[in-house]
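Secondary and tertiary structure notes
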Amino acid sequence: MMSMLGGLQRYFRVILLLLLALTLLLLARFLHSDLEPDTPLFGGQAEGPPVTNIMFLKTHKTASSTVLNILYRFAETHNLSVALPAGSRVHLGYPWLFLARYVEGVGSQQRFNIMCNHLRFNLPEVQKVMPNDTFYFSILRNPVFQLESSFIYYKTYAPAFRGAPSLDAFLASPRTFYNDSRLLRNVYAKNNMWFDFGFEPNAQCEEGYVRARIAEVERRFQLVLIAEHLDESLVLLRRRLRWALDDVVAFRLNSRSARSVARLSPEARERARSWCALDWRLYQHFNRTLWAQLRAELGPRRLRGEVERLRARRRELATLCLQDGGALKNHTQIRDPRLRPYQPGRADILGYNLRPGLDNQTLGVCQRLVMPELQYMALLYALQFPEKPRKNIPFLGP
């Protein structure tokens, strides 16, 4: 009897040890899958070298200037070639459909690493400039707020906006101000993101047509970021590109002061969604797509951890680089004229002052983080084409 009880005790001890070992194994796998930040999860691919061939379709008034700064810094840091506007241009032929000849040096240097300046997407011509293994991505914003920003930014440029006393007045009767025949001047006034992807902004919002165009975007673009969820988007972009954390840390650029932001009523917002129905469908689809990808590739807990890592590093760099706790400044308050952003239309575009007394290496890093896009483009152009006349940025003066 005693030997039988002893045998049972040994048996249960073995079972308990096995259960404990299995529990520890499952716990370890859970922690590894939910907390390890750099484990490659997309496409079952192993971790490899960083992606360096990139085409970013820079849409208008969508936080795309912040993303552009990320790409410019990565290109400069890694000595990559950028497809920059030829001659005195500051964009790649916009609002005309992109042609390869709009790129400086395209005849002698047939392929570039990074393309990210404003253009209207035209895939066959882009493929003449970019390598076959290029990673394509873009960014979208809620079209209500994108239209509001465009109205302020392009108020003096677009005829449809110039004639309207306010955005509310424009949305109350857009056909009073908007003329289809002046499309290339009015591209900012209706379905501007749809236009940037190379599609017809005045097309009817028919289901079959919309689905077909969205499918085209999905086939070509491996990722579409969402401006309202930029940090989450950058976490996913970083994983797809296999970049370091500092490569995607950025300060907010080309943003407006609160006094230049119009407050829209619920009725005006609904009119904006209806007026920009194609943009609204595009935004809705890729907003859902982004969150589906985030859930599948990271999960809620890991996503929160990665976003907090990004924000913590941004705070560290703000403390290191920026004066007054990183407070955004009116352009008249920015001491260094090279860091003053362009002031278009009725927009009040803000910028930053750097902390005094930074050593040369730190100063260089901090300047790049806050440099407005026109100045940075001119800098890269001078570095990449030293034999060419420098870009002229008129608002900076001589």
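Residues numbered from 1 in each chain as written. Predicted model: local features only at pLDDT ≥ 70, side-chain atom pairs only at ≥ 80, totals over all residues. Heavy atoms only, no water.

- The protein goes by GAL3ST2 isoform 1 in an unreviewed UniProt entry, where it is assigned to Pongo abelii.
- Note on the protein: under the UniProt heading Subcellular location (unreviewed entry), the record states "Golgi apparatus membrane". (UniProt positions renumbered as here; feature names shortened; annotations may be inferred.)

**Quick word on the pattern of salt bridges**
- The tally for this structure, following the rule as stated, stands at 20 salt bridges.
- Residue Glu316 is joined to Arg313 by a salt bridge in which the shortest nitrogen-to-oxygen separation is 2.9 Å. In this pair, Glu316 and Arg313 are both assigned in helix α14 (residues 300–321), three residues apart and thus about one turn of the helix distant.
- Owing to a relative accessible area of 46%, Glu316 belongs among the partly exposed residues under this scheme.
- Ionic contacts of the salt-bridge type, sharing partners, join the residues Glu207, Arg211 and Arg281 into one network. (Salt bridge = Lys/Arg side-chain N within 4 Å of Asp/Glu carboxyl O. Helix = DSSP H or I, 4+ residues; strand = E, 2+ residues; numbered from the N terminus. Buried < 20%, exposed > 50% of the residue type's maximum accessible area, 1.4 Å probe, protein only.)

**A closer look at the side chain of Thr59**
- Here Thr59 is to be found in the loop between β1 (54–57) and α2 (64–77).
- Here the side chain of Thr59 touches Thr62 through a polar contact of 2.8 Å, side chain to side chain.
- Looking at Thr59, its side chain comes within polar contact range of the main-chain oxygen of Ile139, at 2.6 Å.
- Dropping the residues within four chain positions of it, Thr59 is found in contact with Ser64, His118, Ser138, Ile139, Met193, Asp196 and Phe197. (Polar contact = N/O pair within 3.5 Å; in protein donor to acceptor, adjacent residues only side chain to side chain. Contact = heavy atoms within 4.5 Å.)

**Regarding the nonpolar core**
- Of all hydrophobic cores here, the largest spans 93 residues; its most connected members are Met115, Val129 and Phe137.
- With residues near it in sequence (within four places) discarded, Phe137 still touches Ile54, Met55, Phe56, Leu57, Val67, Leu71, Phe221, Leu223, Leu225 and Leu237. (Core = buried A, V, L, I, M, F, W, Y, C linked by side-chain atoms within 4.5 Å.)

**A look at the packing of aromatic side chains**
- Inspection of every chain in the model, using the stated rule, returns 24 aromatic pairs.
- Each ring, one from Phe161 and one from Phe170, has its centre 5.4 Å from the other, and the planes form 75 degrees; the classification is edge-to-face. Across the pair, exposure class does not vary: Phe161 and Phe170 are buried alike.
- With centroids separated by 5.1 Å and ring planes inclined at 55 degrees, the aromatic side chains of Trp194 and Phe199 adopt a geometry described as tilted. Of the two residues, Trp194 and Phe199, neither departs from the other in class, the shared state being buried.
- Across from the ring centre of Tyr153, 3.5 Å away, lies the NZ or CZ of Lys61, which sits over that ring.
- Residue placement shows Arg220 over the ring face of Tyr136; its charged tip is 4.6 Å from the ring centre. (Phe/Tyr/Trp six-rings, centres within 6.5 Å; stacked < 30°, edge-to-face > 60°. Lys NZ or Arg CZ within 6 Å of the ring centre and 35° of its normal.)

**Looking at the packing of helix α9 (residues 207–220) against helix α13 (residues 277–297)**
- Put simply, α9 and α13 touch, their axes get as near as 11 Å, and they point 50 degrees apart. By the criterion of interaxial angle, the relationship of α9 to α13 is oblique. Of the two possible hands of crossing, α9 and α13 adopt the one that is right-handed. Contacts from Glu207, Tyr209, Val210, Arg211, Ile214, Val217 and Glu218 of α9 reach α13 at Leu278, Arg281, Leu282, His285, Phe286 and Thr289.
- Of the residues assigned to the contact of α9 with α13, the class counts are seven nonpolar, two polar and four charged. (Axes fitted to C-alpha atoms, helices over the stretch in contact; angles between N-to-C directions. Parallel < 35°, antiparallel > 145°, perpendicular 65-115°, else oblique. Left-handed = near helix turned anticlockwise from the far one by under 90°. Nonpolar A, V, L, I, M, F, W, Y, C, P; charged D, E, K, R; others polar.)

**Considering α13**
- Between its first and last C-alpha, α13 extends 30 Å over 21 residues, near the 30 Å set by a 1.5 Å rise per residue.
- Three or more residues of α13 are buried, namely Leu278, Asp279, Leu282, Tyr283, His285, Phe286, Asn287, Thr289, Leu290, Gln293, Leu294 and Glu297. (Expected span 1.5 Å × (residues − 1).)

**Thoughts on the state of the cysteines**
- Counted under the stated rule, the structure contains one disulfide.
- In this model Cys321 forms its disulfide with Cys366; the gap between the sulfur atoms is 2.0 Å. Its S-S torsion of about -70 degrees marks the bond between Cys321 and Cys366 as left-handed, since a negative value means left-handed. One end of the pair, Cys321, is in helix α14; the other, Cys366, is in helix α15 (residues 360–370), with 45 residues separating them in the sequence. Grouping residues by exposure puts Cys321 and Cys366 together as buried. (Disulfide = S-S within 2.5 Å.)

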